[in-house]
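Examination of the molecular architecture
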Amino acid sequence: MKKKDKLLIAPLLAASLFLGGTAATGAGIGLAVTGGEGQPLSQVTTVAGRGDLGEANGKAADSTFRAPWSLLALPDGSVLVADARSHLIRKLAASEVSTYAGITIGKDDYSYPIGGMIDGAAAAAVFQQPKGLAADQAGNVYVADTENHAIRKIGKNGEVTTLAGSGVLGSKDGKGEEAAFHTPQDVAVAANGTVYAADTLNHTIRKITADGTVTTLNALSERAVEVTPGQLVPAGDYVDGPLKSAKFNEPAGLALDAKGNLYVSDSGNQVIRYIDFSTGTVTTVAGDSKTAYGKNQMYAAGDFADGEAGAARFNFPKGLAVTADGGLLIADALNHSVRYLKDGVVRTAAGQKDNAGGSRDGTERYAGFHHPADVAVLYDGSILVADAYNNKIRKIAFYDLPEGITSDAMIKVVYGGSPIRFEAPPELSNGRTMVPVRAITEALGFQVTFNVDESTGERTVDLSKDAATIRLTIGQEELKRIAQDSTVTRLQMDVAPYIQSDLTYVPVRFFAEGLGLNVEWHEATSTVILRDNR
């Protein structure tokens, strides 16, 4: 079973406990409402981690992490977190964080936890930068124990063993400790119990049988890069085609689909690859399939672009998750965003181009991530994100239109999850949606004041809330935002407010954006969607 889809089988009641309330409902990404640019509308919140470095357990909001790197849902509705730089496997359940496996054996001179490699009971085992998690159908958990260069196993009885690898880096097939890895970062488990490992710095995909026998599935890279004059270092490569001759560059994420085939986040090539085991071939399913390296270039150049899969661009994509509708979620680490591949098209689920990283919650473009390393699909179609460098676990919940919003010719306006009722219907003017001002401002909690300058006859509408005022002038294409200190910000509109049938109409987009709201147009239902950015 694919590692990030496990939440889909979690009992609804247990999942509702994890969410801290009644079971949520939602469209999920396959049916998510999209905005004008085709981006799914969503809200990002923080469900665990206050952002500080640490290993504090307890209430999720007060917990601390050190680079949470991977997520794994368990059938009881809880979620495991590979807390890489704490060298621990943590557990998030019912809004509480605890330690599932591993101990800290000490601190270094900089007060950072020290890892190691010790098998035994979960409460006494030691890991070293665990980064990948997966589970088999029997309930055993597998760990890509990155800096131990090994694949560990946490049995359902709580016993930690080493499935393959000796703790010494290398590149060697064999059984158990005879095998050698180099910085493996992810694992996935097939229905028959076969474990696949992304052996990142060997640039290979490894196969591990139940008895720990390791084989390498693809060709080794022979490329070397001169990083400084006279100093050559091994580097990955890029070749599609038969699996035995295919080449990768620092594969960092794995996800098995419903057919048992393997998606690979080929991070150094900035692409998503697909291993079809039935045909024994590797293809590129998203990103530039014409990858070429410049002189002394370790990696392909990263970029950001949505659209047709072959024209999409990524920047060190890492964790992957297959969704219930057969799409693929991608933690696009250095673009600080979560991307979505479906039917040959890449869209952005949260984040945006030129996002330098951040930590704020909010709507899909307003929210910020800092090196998201993994994604997992919740039972309701929403997403968990291991926000590694923010030391948080985040949630992406997709927006759903309120009940009763249908596809008809009437223009509608909703605020959050509630429709706004107007005394007269909204209308179009010069291609802009105009709405009666009083109903919308009252729905948003603003006070409305109408003013007439007796000397000039100029008529203005003041909208006030939280010591700030928005002023619109009838017949003028200008909006003024007046702060508490009387500072005035002027915004130019392309359509002016007007009075009709004793009602004042304002352009909803400019008005709402002047209030700091997110505004989207849903073409299918002729609906203006207003949301608080935070």
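Residues numbered from 1 in each chain as written. Predicted model: local features only at pLDDT ≥ 70, side-chain atom pairs only at ≥ 80, totals over all residues. Heavy atoms only, no water.

For the protein, the helix and strand inventory stands at 3 helices and 45 strands. Here the C-alpha atoms of the protein give a radius of gyration of 26 Å, agreeing with the 24 Å that 2.2 N^0.38 yields for 534 residues. Across its three principal directions, the C-alpha atoms of the protein cover 90 × 50 × 45 Å. Pairs at least 24 apart in sequence give 50% of the contacts found in the protein among residues at least 6 apart. For the protein, the accessible area works out to roughly 21,600 Å², and carbon and sulfur atoms hold 49% of it. Averaging the coordinates of the 50 positive side-chain charges in the protein and doing the same for the 62 negative ones gives two points 3 Å apart. (Helix = DSSP H or I, 4+ residues; strand = E, 2+ residues; numbered from the N terminus. Rg over C-alpha atoms; globule rule 2.2 N^0.38 Å. Contact = heavy atoms within 4.5 Å. Areas by Shrake-Rupley, 256 points an atom, 1.4 Å probe, with all protein chains shown as cover. Lys, Arg positive; Asp, Glu negative; His and termini not counted. Charge placed at Lys NZ, Arg CZ, Asp CG, Glu CD.)

Next up on the list: the UniProt feature "repeat: NHL" (unreviewed entry) in the protein. UniProt's feature table lists "repeat: NHL" (unreviewed entry) at residues 127-157, given in the numbering used throughout. Annotated as 0% helix and 52% strand, the span residues 127-157 places its first and last C-alpha atoms 18 Å apart. (UniProt positions renumbered as here; feature names shortened; annotations may be inferred.)

The subject of this paragraph is the sheet that holds strand β2 (residues 58-59). As summarised here, the arrangement of the 5 strands in space is β2-β6-β5-β4-β3, forming an open sheet in which the pairing is antiparallel. Because the sheet does not close on itself, it has two edges, and the strands there are β2 and β3 (68-73). (Pairing = 2+ DSSP bridges.)

Moving on, we get to the packing of aromatic side chains. On inspection of all chains with the given rule, the structure shows 5 aromatic pairs. Consider the rings of Tyr-196 and Phe-277, whose centres lie 5.1 Å apart with planes at 20 degrees: the pair is stacked. Here Tyr-196, found in strand β14 (residues 195-199), pairs with Phe-277, found in the loop between β22 (271-276) and β23 (281-286); they are 81 residues apart in sequence, far enough to count as distant. On the basis of relative accessible area, Tyr-196 is assigned to the buried category, the value being 8%. Considering the side-chain rings of Tyr-498 and Tyr-505, the 5.4 Å spacing of their centres and the 15 degrees angle between planes classify their relative orientation as stacked. Under the relative-accessibility criterion, Tyr-505 is labelled buried at 3%. It is Arg-206 that lies over the ring of Phe-181; its NZ or CZ is 4.8 Å from the centre. In this structure, Arg-360 packs its charged tip against the face of Tyr-366, placed 3.6 Å from the ring centre. (Phe/Tyr/Trp six-rings, centres within 6.5 Å; stacked < 30°, edge-to-face > 60°. Buried < 20%, exposed > 50% of the residue type's maximum accessible area, 1.4 Å probe, protein only. Lys NZ or Arg CZ within 6 Å of the ring centre and 35° of its normal.)

This part is about unusual backbone geometry. Backbone phi values are negative for most residues with the exception of glycine, while trans is the configuration of most peptide bonds. Positive phi outside glycine occurs at Thr-183, with the angle close to 60 degrees. Assignment of secondary structure puts Thr-183 in the loop between β12 (174-175) and β13 (184-189). Residue Thr-183 is classed as buried on the basis of its relative accessible area of 8%.

For the rest of this paragraph, the subject is the nonpolar core. Membership of the largest hydrophobic core comes to 27 residues, with the highest contact counts inside it found for Val-413, Ile-440, Leu-463, Leu-472, Phe-511 and Leu-530. Of all the secondary structure elements, the ones that give two or more residues to this core are α2 (437-443), β38 (459-465), β39 (468-473), α3 (508-514), β44 (517-522) and β45 (527-532). Ranked by residues supplied to this core, first place goes to α3 with 4 residues. Residues within four places of Val-413 in sequence aside, it is in contact with Pro-419, Ile-420, Phe-422, Pro-426, Val-435, Ile-440, Val-528 and Leu-530. (Core = buried A, V, L, I, M, F, W, Y, C linked by side-chain atoms within 4.5 Å.)

Here we take up the sheet that holds strand β32 (residues 392-398). Picture the strands of a sheet paired through backbone hydrogen bonds; they go either parallel or antiparallel. Across the sheet, which stays open at both edges, the 5 strands sit in the order β29-β1-β32-β31-β30 with antiparallel pairing between neighbours. Where the open sheet ends on each side, the last strands, each with one partner, are β29 (362-363) and β30 (372-377). Of the pairings in the sheet, the one linking strand β1 (residues 42-48) to β29 comprises 2 bridges and is antiparallel in character. Note on β29: the bridge partner recorded for Val-44 is Gly-362.

Here the focus is a nonpolar patch on the surface. There is a patch of nonpolar side chains on the surface, built from Leu-53, Tyr-110 and Tyr-112 and spanning about 380 Å² of accessible area. Along the chain, Tyr-110 turns up in the loop between β6 (96-101) and β7 (120-121). Among the residues examined, Tyr-110 registers a relative accessible area of 67% and is labelled exposed. (Patch = residues over 30% accessible without salt bridge, like charges linked within 9 Å, V, L, I, M, F, W, Y side chains within 5 Å. Salt bridge = Lys/Arg side-chain N within 4 Å of Asp/Glu carboxyl O.)

All right, on to the pairing of strand β17 (residues 224-228) then. Where β17 lies against strand β18 (residues 231-234), 4 bridges are found, and the strand directions are antiparallel. Bridge assignment links Glu-226 to a residue of β18, and that residue is Leu-232. Hairpin connection between β17 and β18: a loop of 2 residues separates the two successive antiparallel strands, and Gly-230 in this loop has a positive phi of roughly 85 degrees.

Turning next to the confidence of the model for the protein. Of the residues in the protein, 94% reach a pLDDT of 70 or more, and the chain-wide mean stands at 90. Contacts of residues 1-27 to residues separated by more than four positions or lying in other chains number 87 contacts, the stretch itself having pLDDT below 50. (pLDDT = per-residue confidence, 0-100.)

Okay, the pattern of salt bridges next. Oppositely charged side chains may form a pair once their charged atoms are brought near each other. Counted under the stated rule, the structure contains 28 salt bridges. Glu-96 is paired through a salt bridge with Lys-59; the nearest N and O atoms lie 3.0 Å apart. Of this pair, Glu-96 sits in strand β6 while Lys-59 is found in strand β2, placing the two residues 37 residues apart along the sequence. A relative accessible area of 32% places Glu-96 in the partly exposed class. Its salt-bridge partner being Arg-394, residue Asp-387 comes within 2.7 Å of it at the nearest N-O pair. Arg-394 carries the same exposure label as Asp-387, and that label is buried. Each of Glu-364, Arg-365, Glu-520 and Arg-531 takes part in one network of salt bridges that share partners.

This part takes up the environment of Thr-283. You can see Thr-283 is positioned in strand β23. In this structure Thr-283 comes out as partly exposed when scored by relative accessible area, which is 35%. Once the C-alpha coordinates of Thr-283 and Asn-261 are considered, the two residues, 22 residues apart in sequence, prove to be 12 Å apart. In this view, Thr-283 contacts Asp-240, Ile-272, Arg-273 and Tyr-274; residues no more than four positions away in its chain are not counted.

Time to look at the side chain of Asp-199. Checked against the element boundaries, Asp-199 lands in strand β14. Looking at Asp-199, the relative accessible area reads 0%, which means it is buried. Other than its neighbours up to four places away in sequence, Asp-199 contacts Ala-180, Phe-181, His-182, Thr-183, Pro-184, Thr-204, Arg-206 and Pro-251.

The next thing to look at is the side chain of Asp-374. When you line up the elements, Asp-374 lands in strand β30. By relative accessible area, Asp-374 is classed as buried at 1%. One polar contact links Asp-374 to Ser-70, side chain to side chain, over a distance of 3.1 Å. (Polar contact = N/O pair within 3.5 Å; in protein donor to acceptor, adjacent residues only side chain to side chain.)

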